[in-house]
Amino acid sequence: MNHDDSSSDKINEKKHESLKIFTEAERGIYLDDVIYTLKNQNWTLEEEPCLNQTLQVLQYLQNFTLWAVWQWDSIPSEPQGLLFGNRYHLGNFDQCLDTPWHATHPELRNQYCLADIILERSDKTHRNRHEETNDPYQSALDHIEHKSSFLRPLNYLTWGLCVPSSCQSHSVQRLLGILLAHSHLGAAGLRARIGVPEPCQSFDKPREFDGLFYSFMIFMSIFIAIVLTCTFIRHTQKDSNKKTIGNEILKVISLQYNSKDILKVSDNGISVLYGIRFLSICFITLDHQFGVANGGPISNGVQVDKSVISGAGLLILHNDLFVDTFFVLSGFLSATAMSKLEHMPNLFLLILRRYIRLIVAYAVVIFFVCAVYPYIGSGPLWNRVVAGETTQCRKNWWLNLLMLSNYVDTENICLVISWYIPCDFHFFVVTMLLYWLYKKLPKLGIACAVVISICAVLAPGLVNYYYNLPPIQLFTYDFLFNPRSQEQFHTTYIKSHTRYASYLVGFFSGLYYSYSIHSITTKRFFQRYSWLGACIGLVGINAIMLYGATYIWRNYELVTGSIYAAVERPLFATSVCLLLLSCSLGHVPLLKSFLSWYPWVPLSRLSYGLYLTHFLIISRNVFSTRGSQHVDIFFFFVQTLGVIAWGCVAALFILLIFELPVNNLLNLCLNWNMKRTQKNETVRTGDVSNSGNYNKSYIEENLPSPSSLVSKF
């Protein structure tokens, strides 16, 4: 025991001996230098209160007074990890604003300001970094100016500063310039362009609830109350099976009826569709998680950029193709549903039902973004998200409801991911018009369909060639940081006329499937070669994603790139359809069993709601953070699983409270009117033989049931 004690004493003694003790003069050099620089700046009368309070902070900091040390301790004294891809240097946001003496000493209140800084070399010379050798003796300026294939700029940084409440934006710029000059980056003589793009945040200015917020809460409460009341009445009714309009209304609104509808399996023979649909939205969520997180505060951006060109990175990078899977499935289901009809139904009713099917959940989410989204997060970067999403939605929500948001004022589109919805609606309208024309005038309808199909395939290639654009939308850092500012996003990526080909491939495949289920020859063919078809489909899907993603780092010619832009999405859609047809018409035991697994059924019904909500959850998680995170592939997968789980909860709520009740009421209203019309016609004509079948209306005979119509259209 004594021996151990003496050993530990010696170790502690050595530790104490190794500690360097700074004198008071040495500690004050940095602060004195900062104070001297501040005093020798040309401050205006408007800026003098900020200068005086800042000097007071530094003077009390030299005395190690708590309130001054508290404020200065929340500031990153200099950027850290900039050369490793860490753009955001946020300090401690909550420590700056939430001081213990906030209520008792208002003169010591702070505000948190966020500044964007661009570093430029003053010598005007540019030398390429030695990429191959990674020479440690080359200039760090060359490294800072270098951009990887992912185009992440290392000379851009965002710096958070805790300053006195009297400081304005131009004073904050001056203070940051002084701090930057005294950092290690100032030693190289870098010139900084500093901007404070948004107002500073303070603890005494919380975001107040406005009328829109209360309107949303009232709206939500009314709908929840209606659904719960109808469910309770329906459950307690003794004659609930009686066919009256009141009972039918209660039934289609009740939670019990709609929850059973979510669990129903369609008997159309394409149960693999459930798995394909839900897995597609999972891959889309993973892609958006990668993109949003990579454009946000991460500490190892250089490592992430290197992983982009790996196999796993390339698969994630071009996951946007899975959006085309939804176009394929939408067209496929439209074709299979229409092929069952003996007569062409009313076009207006078809389009109306499709519009209501898309718009209900869409409108609820837009209302949420406009009214509630600003209040669910906070942090250094949160105001930027609110400005980028809420402001745009409050301005252009009506364009989204009119299905025009992907053509009108696209630079201010409400919800970046919402471009998919007007595209799908436009595709449905045009395709139904073509199908109606085919039913009326078959030769003219076929000719128009051929011409439009050719134009749909050629359109993206021609547009890319005319505007000299890359073959695909490159998901580089500049796109992830601000998608709305990218030319290709507005020109080709979100436009209906450049995305129509995938929907047409799905529609024609649906017609082929409807023909094949009655053809013995086709069934035998798929039974024999189904494994081969499924393998070709899977290989095609992955090959197209991998090959397209390589354009982010390799060179390409304009002509060949435009050709690839024209054929990529139709080929991907064809691969998806080949997989779908091989599993539905053939025998692919393991794959078909997996894609037809029953849990995919309810989850696939939540796909649309998950698509609408997942991006909001991701953005909230990423931009309410207080500091940079170390990320890798495992991080993205873990975060994605959480987003999918919470997104499904939100989607289920929207589906049961809003989507299914409204859609079912519309179908009930249309069908009930048809029943009454046919009953009146039967009574008026005196047709006794048909008087007992008055409830077999034209719509009911020629359209799927309301529940299946909602799930398909």
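Source: prediction; values computed, not measured.

Criteria and thresholds
- Residues numbered from 1 in each chain as written.
- Predicted model: local features only at pLDDT ≥ 70, side-chain atom pairs only at ≥ 80, totals over all residues.
- Heavy atoms only, no water.
- Disulfide = S-S within 2.5 Å.
- Helix = DSSP H or I, 4+ residues; strand = E, 2+ residues; numbered from the N terminus.
- Buried < 20%, exposed > 50% of the residue type's maximum accessible area, 1.4 Å probe, protein only.
- Patch = residues over 30% accessible without salt bridge, like charges linked within 9 Å, V, L, I, M, F, W, Y side chains within 5 Å.
- Areas by Shrake-Rupley, 256 points an atom, 1.4 Å probe, with all protein chains shown as cover.
- Salt bridge = Lys/Arg side-chain N within 4 Å of Asp/Glu carboxyl O.
- Pairing = 2+ DSSP bridges.
- pLDDT = per-residue confidence, 0-100.
- Contact = heavy atoms within 4.5 Å.
- Core = buried A, V, L, I, M, F, W, Y, C linked by side-chain atoms within 4.5 Å.

**Student:** Give a detailed account of the state of the cysteines, specifying residues and quantitative values.
**Tutor:** On inspection of all chains with the given rule, the structure shows four disulfides. Bridging C96 to C162, the disulfide has an S-S length of 2.1 Å. Residues C96 and C162 share a disulfide whose torsion about the S-S bond is about 85°; that sign makes it right-handed. Taken together, the residues span a long stretch of sequence, with C96 in helix α5 (residues 93–97) and C162 in strand β3 (residues 156–164) at a distance of 66 residues. Residue C96 is classed as buried on the basis of its relative accessible area of 1%. With relative accessibility at 3%, the residue C162 sits in the buried group. Here C393 is linked by a disulfide to C414, with a sulfur-sulfur distance of 2.0 Å. Of note, the bridge from C393 to C414 carries an S-S torsion of about 85° and is right-handed in sense. Of this pair, C393 sits in helix α16 (residues 382–401) while C414 sits in the loop between α16 and α17 (420–440); the two residues are 21 residues apart in sequence, bridging distant segments of the chain. The cystine pairing of the protein chain, numbering bonded cysteines in sequence order, is 1-5, 2-4, 3-6, 7-8. Take C282: it sits in no disulfide, and the sulfur closest to it among the cysteines is that of C648, at 7.1 Å. According to the relative accessible area criterion, C282 is buried, its value standing at 16%.

**Student:** Describe unusual backbone geometry, naming the residues involved and giving the relevant values.
**Tutor:** In this model, M403 sits at a positive phi of 60°, which is unusual for a non-glycine residue. The class of M403 is buried, set by a relative accessible area of 1%.

**Student:** Residue-level account of a nonpolar patch on the surface, with values.
**Tutor:** Taken together, the side chains of W397, W398, L402, L404, Y407 and V408 make up a nonpolar region of the molecular surface, amounting to roughly 570 Å² of accessible area. Residue placement: Y407 occurs in the loop between α16 and α17.

**Student:** Kindly report on the pairing of β3, identifying the contributing residues and their values.
**Tutor:** Residues in a regular strand project their side chains so that they alternate between the two faces of the sheet. Counted residue by residue, β3 has eight buried out of nine residues, so it is predominantly covered. Note that strand β1 (residues 88–89) and β3 share two bridges and pair parallel. Residue pairing for β3: H89 is matched across the bridge by W159. In this sheet, β3 lies alongside strand β2 (residues 110–120) in antiparallel orientation, the contact comprising nine bridges. When the sheet's bridge partners are listed, A115 is paired in β3 with W159.

**Student:** Now, about the confidence of the model for the protein chain: what can you tell me, with residues and values included?
**Tutor:** In the predicted model, the protein chain carries a mean pLDDT of 85, and 88% of its residues have values of at least 70. This stretch, residues 10–22, has a pLDDT under 50; its non-local contacts, to residues over four places away or in other chains, come to two contacts. Long-range and interchain partners of residues 683–713, a stretch whose pLDDT sits below 50, account for 60 contacts in this model, where long-range means more than four residues apart.

**Student:** Describe the side chain of R499, and please don't skip the residues or the numbers.
**Tutor:** Here R499 is to be found in the loop between α20 (487–493) and α21 (500–516). With near-sequence residues (within four places) excluded, R499 lies in contact with V323, D324, F327, W419, F427, T492, Y493 and R569.

**Student:** I'd like to hear about the nonpolar core, residue by residue, with values.
**Tutor:** Among the nonpolar cores identified, the biggest contains 194 residues, and L38 and W419 are the most heavily contacted of them. When neighbours within four sequence positions are excluded, W419 is seen to be in contact with V323, F327, N406, I413, F489, Y493, I494, R499 and Y611.

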